[in-house]
Structure formats: structure tokens, C-alpha cells
Amino acid sequence: MNFEGFPFIVGWELTLACNLSCRHCGSSASQPKAMELTLEESLAICDQFKELLVQEVNFTGGEPLLRPDWHRIASYLSKLGIVTRIITNGLTLGPTTIAQMKAVGISGVGISLDGLEATHDYIRGYKGLFKRIQTGIDLILNAGLQLTVITTVNTLNLDELPSMFEMLKSVGVSRWQVQPIFPLGRARKTSELCLTEQGYIMLGKFVKDFGPQAEKASMEIRPGDSFGYFTEFDMREPLWRGCPAGLLACGITSDGKVKGCLSLPDEVTEGDLRQTDLWNIWFHPASFTYTRQFAGEKLGSFCHSCDKAEQCHGGCSAMSYGSTRSFHNDPYCFYGIKLRGS
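These numbers were taken from a predicted model, which means no experiment stands behind them.

1. Quick word on the packing of aromatic side chains
Stage number 1. Under the criterion given, the structure shown has 19 aromatic pairs.
Stage number 2. Look at Y200 and Y332: their rings are 5.4 Å apart centre to centre, the planes differ by 65 degrees, and that puts the pair in the edge-to-face class. Of the two residues, Y200 sits in helix 7 (residues 197–216) while Y332 sits in the loop between helix 11 (317–324) and helix 12 (334–341), which places them 132 residues apart along the sequence.
Stage number 3. Aromatic pair Y229 and F230: ring centres 6.3 Å apart, planes at 50 degrees, arrangement tilted.

2. A look at the layout of surface pockets
Stage number 1. Here the second largest pocket defines a volume of roughly 220 Å³.
Stage number 2. Along the wall of the second largest pocket there are 18 residues; nearest its centre are F302, C303, C306, G336 and R340.
Stage number 3. Mapped onto the lining of the second largest pocket, the elements with two or more residues apiece are helix 10 (309–312) and helix 12.
Stage number 4. Per-element tally for the lining of the second largest pocket: the top contributor is helix 12, with three residues.
Stage number 5. Of the residues that constitute the lining of the second largest pocket, the class distribution is ten nonpolar, five polar and three charged.

3. Structural notes on the sheet that holds strand 3 (residues 83–88)
Each strand in a sheet pairs with its neighbour through backbone hydrogen bonds, running either in the same direction (parallel) or in the opposite one (antiparallel).
Stage number 1. Read from one edge to the other, the open sheet built from ten strands follows the order 7-6-5-4-3-2-1-8-9-10, with strand pairing classed as mixed. Two strands lie at the open edges of the sheet, namely strand 7 (220–223) and strand 10 (271–272), each paired on one side alone.
Stage number 2. Here two bridges tie strand 8 (residues 249–252) to strand 9 (residues 257–259), and the two strands are oriented antiparallel to one another. In the strand pairing of strand 9, I252 is matched with V258.

4. Overview of the side chain of H120
Stage number 1. By the secondary structure assignment, H120 is in helix 4 (residues 117–124).
Stage number 2. Of the residues examined, H120 reaches a relative accessible area of 0% and is grouped as buried.
Stage number 3. The contact partners of H120, leaving out residues within four places of it in the chain, are S112, L113, D114, G115, L129, F130 and I133.

Basis of the calculations
- Residues numbered from 1 in each chain as written.
- Predicted model: local features only at pLDDT ≥ 70, side-chain atom pairs only at ≥ 80, totals over all residues.
- Heavy atoms only, no water.
- Phe/Tyr/Trp six-rings, centres within 6.5 Å; stacked < 30°, edge-to-face > 60°.
- Helix = DSSP H or I, 4+ residues; strand = E, 2+ residues; numbered from the N terminus.
- 1 Å grid on protein atoms, 1.4 Å probe; cavity = no way out; pocket = protein on both sides within 12 Å on 5 of 7 lines; lining within 4 Å.
- Points joined across faces, edges and corners; volume = space filled by probe spheres on them.
- Nonpolar A, V, L, I, M, F, W, Y, C, P; charged D, E, K, R; others polar.
- Pairing = 2+ DSSP bridges.
- Buried < 20%, exposed > 50% of the residue type's maximum accessible area, 1.4 Å probe, protein only.
- Contact = heavy atoms within 4.5 Å.

Structure, rendered in C-alpha cells:
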């Protein structure tokens, strides 16, 4: 065993089934995969987490609530003492579902909100969904569950971020994650949503300008992946030290494949849990080479001449791969954009 780190955080795509067809979906979620994990297989995977020191599991999809036995997997993880969170599009949220979340030990809920009413409903392709999300937010907060509102920032909602801030603050939301859109899945085919360099800088300025206001209101604006790096806009702690995929975290797809990050496309996998266990995949010498075996000569054209490259390792793996079909070449970087413009 040459690599000695552990996957403290696991993202788990419970199903690729989805009751929406969002324009920006990086997974192009719609129908379940042909051979999704059974409940028995899923529980057997849970049993492998303790020896790998897994501390947190985040259920995603698709829409994870469409998997009928999601609560049984969550309950099992809770009995193992593993923190479990769930990310939902909010369409099926109601008092019964939220009560079930509390009963099985869900620690936190992430709910997607991608703009003000017209924008959100357009991006999500479902008229009236915005109002359902408002109701869902109230239900989650009233139930005492930890809530994170997640916004995929794109050209259509970028100018709405200040108004969204005021709205979320007014209803008592304390955590808001703003995630730059990845050019993957459906988003790759929807150019109207993809951020320009100027739009990306505007996102950085928004977080810098509104972060202090949020703090005064006991609210946190949390930058998502591929936010940065190394300028006055990137105020994260600790400082960026390269993509954590395959170093501190990994993802499991609904058919049992292992990735460094669930945002990466299915072509980038490290192994199959139906063929071997997670320990062997995680510690295999050929796994996650894009992060574990980084070297300066692997840097792409956006990053090869950057003086921060040895610390940064070429930025977010998913944004790099989605934008350029290669690793260590993330074009969405505050520092890089600044250098290219100087």
C-alpha cells in the first residue's frame, strides 16, 4: 500500500433516475442506469466504509429520493456512526419525507435553487417548482434539519445573485453554496448557460462583496468546487492545495463504479465494486493517477506557465476535464484569468 490517505468523504449517486430534465445537469440524469446497485449490494458497500475511515456520505443523483429504499441505506449508515446528508431537487419534498429524513438520521439537506422564479423554473424545466422549493425550505428549517441551498451559477442567474441573497436571508437560510456551472452533460450542449471569463470574475466579486454582509446576518456564502484561485476573491480556509479527488474523497455511481469525484463523467472511473472491494480500488497503485501522481510536466496550456502550479496542481479536475478534456488545465481560475489579461 503506497498511498496512505483515506476517503473521509464519499459522494454516492443512489440512482440516475430523475423527475426533472434540468438544462445544466452534468450527469444528463433522467432514467436509472441499466444495472443499479441492489439494496443488499448497497448495504455491503456501507460495511466497507469503517475500515476506510469514511466520516461522511452525501447522497446525490439523479434525484436520490426516487430510490425507494434510500431511507434504509441512510438508516444503516446512521447505525454505523457515519454522517449522512442528501441533496435533492426538492420536487418531492413534503412533511412525510422530511419526517422520514429525521427518523433515519439524515444530518443535513442540500436543496437546489438556480435563480429567481422565472429563471429557476426555466432551467429546471418545471413551472411552479420555485414555489415548491420555497415551501421545502420552510419545512426543512422548521424541522430543525441543517439546510444548505445550492445554486449552480450560470449566465442566466448571475445577475440575480444579490436578489437571491436577500430572499434567502429573509427566510432564515444560514448556508448558501454557489457553484460555478461545469461544462459537462447537458450543460455542455447548452452554451447559453456557460460562464464567460468576465462572468466568472463577477461571481468572485459577488462572493467577496456579499460575504461580509452574509456573516453579519449569521449566514455563510460557501464557494463550491472550481472557485478560485489565489486572488482577493478566494477567501477559503484552508487555502487551495489541489483537487482532493482520490486523496480525501471519492464517489460511487449508482451501478457501483468508483470515481474520484461524481462530477467527472462516467468514462473516468477507477474500478467496479461488483468486482472488488473499495479498499482494493482505493489503494490500487494505478488509481486516481491524475491527483496522486501529479507532476509539473502534466500541466495543460492554461496552467503550464503559472507560478502557483505546484500548489494548485491545475485546479478543479471536473472543471478542467469538462472544459478541455484533460486534467491539470482548469481555465476557470481567477489568478489565471488575471494573468491572461495582464
